[in-house]
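# Fold and contact review
Given next are the chains, with one letter for each unit.
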Amino acid sequence: MLDVEVPASSARAIDARQPIISARQVTQIYKGGSAGAVTALSNVGFDIEQGELISLVGPSGCGKSTLLRILAGLNRPTAGTVELHGRPRLEPGPETAVVFQQPILLPWRTILENVLLPIEFRELALPAYRTRAVELLASVGLDGFENRYPHELSGGMQQRAAIARALIQDPEILLMDEPFGALDAMTREQMNLDVLRIWRESRKTIIFVTHSISEAVFLSQRVFVMSPRPGRLTEILDIDLPFPRSLDVINTDAFGRYTARIRGLLQAIGDVSS
């Protein structure tokens, strides 16, 4: 592990407390199929503190998305435990929200109606959340697009709407599964800045899955590097770059050293990302 002391000015300088998420020996085995049982994850363990921004990187098929689904309560691990605030994580709940690779917006609903969908599912009072939904859309750059339909928005705008939908219930934890992989480079950079702004303003715990080394370093306080399947946590790197971050940090020597370190780890295990 690369141990780097985080300065008091860093956003990670928070009081010691019980981890918001604890994973212990998490293993996921998928049974059946012509190939027989497949072990997606093996003995994965870590602690995440409240308010941290963590990225997961690793080869395709190493179980990053599987791990995210387990943290969300969507999957039960075959073995091991995940705890949220010290309690077993057994099912999905409003304390977590997921932003998937695709926005998954319902085409027959307006953007505002899509954002309010989790409120309808939970049968909460829509009027109480409508103002909040409009505010969230404005905060992600979609002011004035409330009554548009998904096909009228670009890919980046649709993903912004998906982020607003994930935030409507004010979750403690935001899980993001390669949400910007299909976007062009300039839009992706802006979306990364948006994530940092949302994190800075809300102080939510964010776990971000990505194939991009530079994206992981730019966003994160810590980067979790995973091995090929069966996915194991091979290294955790503290990213000692000051917050708030701008795109200029990408050109610094320190940023280059972190990306080189992660690239070397992935080369050693047979995967290299951008």
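Structure shown above.
Residues numbered from 1 in each chain as written. Predicted model: local features only at pLDDT ≥ 70, side-chain atom pairs only at ≥ 80, totals over all residues. Heavy atoms only, no water.

## Here we look at the overall build of the chain
So the rule is basically this: To qualify as a helix, a DSSP run of H or I must reach at least 4 residues; to qualify as a strand, a run of E must reach at least 2; elements of each kind are numbered from the N terminus. In this description the radius of gyration comes from C-alpha coordinates, and the expected globular size is given by 2.2 Å times residues to the power 0.38. Using a 1.4 Å probe on the protein chains alone, a residue whose accessible area is under 20% of its type maximum counts as buried, one over 50% counts as exposed, and one in between counts as partly exposed. A contact between two residues is defined here by any heavy atoms of the two lying within 4.5 Å. Counted as positive: Lys and Arg. Counted as negative: Asp and Glu. His and the chain ends are not counted at all. Note that the charge is assigned to NZ on lysines, CZ on arginines, CG on aspartates and CD on glutamates.
Tallying secondary structure elements over the chain gives eight helices and ten strands in all. Taking 19 Å as the expected radius of gyration for a compact globule of 274 residues, we find that the chain reaches 19 Å, a close match to that expectation. Overall, the chain is about 50 × 50 × 40 Å in size when its C-alpha atoms are taken along their principal axes. A total of 274 residues make up the chain; the buried ones form 50% of that total. Taking contacts inside the chain between residues at least 6 apart in sequence as the whole, the part at least 24 apart equals 70%. Across the chain, 28 positive and 31 negative side-chain charges occur, with their mean positions spaced 4 Å apart.

## Considerations on the sheet that holds strand β10 (residues 233-238)
Condition: Strand pairing requires that DSSP identify at least two bridges connecting the strands. Fitting a line to C-alpha atoms yields each axis, with helices limited to the stretch in contact; the angle taken between N-to-C directions then spans 0 to 180 degrees.
Taking strand neighbours across the sheet as the criterion, the six strands line up as β6-β7-β8-β3-β9-β10 in an open arrangement whose pairing is mixed. The outermost strands of the open sheet, each flanked by one partner alone, are β6 (96-99) and β10. Taking the axes of each pair of neighbouring strands and ignoring which way they run, one obtains an average angle of 15 degrees across the sheet. By the bridge criterion, four bridges tie strand β3 (residues 53-57) to strand β9 (residues 222-226) in an arrangement that is parallel. Looking at β9, one finds that Val57 is bridged to Val225. Lying on the sheet, helix α1 (residues 64-72) is in contact with β3, β6, β7 (173-177), β8 (205-209) and β9; it crosses β7 at an angle near 155 degrees. Strands β3, β9 and β10 of the sheet are contacted by helix α8 (residues 253-268), whose axis makes an angle of about 175 degrees with β10.

## Structural notes on unusual backbone geometry
Each neighbour pair has its own omega, and for Arg229 with Pro230 the value is 0 degrees, a cis peptide bond. Geometrically, the link from Phe243 to Pro244 is a cis peptide bond, its omega value of -5 degrees lying close to zero. Mapped onto the fold, Pro244 is located in the loop between β10 and α8. A positive phi angle, near 55 degrees, is found at Glu123, a position not held by glycine. Taking the relative accessible area as the measure of exposure, Glu123 reaches 72% and is therefore exposed. Backbone geometry places Arg203, a non-glycine residue, at a positive phi of 55 degrees. Mapped onto the secondary structure, Arg203 falls in the loop between α6 (185-202) and β8.

## Structural notes on the environment of Thr81
Take Thr81: it is sitting in strand β4 (residues 79-84). Looking at Thr81, the relative accessible area reads 41%, which means it is partly exposed.

## Things to note about the pattern of salt bridges
Heads up, the rule is: For this document, the term salt bridge refers to a Lys or Arg side-chain nitrogen within 4 Å of an Asp or Glu carboxyl oxygen.
In this structure the tally under the stated criterion is ten salt bridges. For the salt bridge of Asp194 with Arg160, the shortest nitrogen-to-oxygen distance reads 3.2 Å. Of this pair, Asp194 sits in helix α6 while Arg160 sits in helix α5 (residues 155-167), and the two are 34 residues apart along the sequence. One continuous salt-bridge network, built from bridges that share partners, spans Arg160, Asp194, Arg197 and Glu201.

## Describing helix α4 (residues 126-139)
The cut-off we apply is this: Expected helix span is given by 1.5 Å per residue-to-residue step, counting one fewer step than there are residues.
The terminal C-alpha atoms of α4 lie 20 Å apart, and with 14 residues this matches the ideal 20 Å at 1.5 Å per residue to within 8%. Among the residues of α4, those classed as buried are Ala133, Leu136 and Leu137. Gly141 sits one or two positions beyond α4 and adopts a positive phi of about 85 degrees.

## Topic: the nonpolar core
Most often, soluble globular proteins keep nonpolar side chains buried together rather than apart. Heads up, the condition is: Here, the term nonpolar core denotes a set of buried Ala, Val, Leu, Ile, Met, Phe, Trp, Tyr and Cys residues that are joined through side-chain atoms within 4.5 Å.
By size, the foremost hydrophobic cluster in this structure holds 51 residues, and its most contacted members are Ile163, Leu174, Met176, Phe180, Val217, Val225 and Ile262. In terms of residue count, the dominant contributor to this core is α5 (six residues). Setting aside its immediate chain neighbours within four residues, Ile262 contacts Val57, Ile213, Val217, Val223, Val225 and Leu237. Counting residues in each nonpolar core, the second largest holds 25 residues, with Ile21, Leu41, Leu71 and Met226 among its members.

## Describing the environment of Ile20
With respect to the helices and strands, the residue Ile20 is situated in the segment before β1 (21-30). By relative accessible area, Ile20 is classed as buried at 0%. In the structure, Ile20 is positioned 67 residues away from Arg87 in sequence and 9.7 Å away in space, judged by C-alpha atoms. For Ile20, the contacting residues outside a window of four places in its chain are Ile48, Glu49, Gln50, Glu83, Leu84, His85, Glu172, Ile173 and Thr205.

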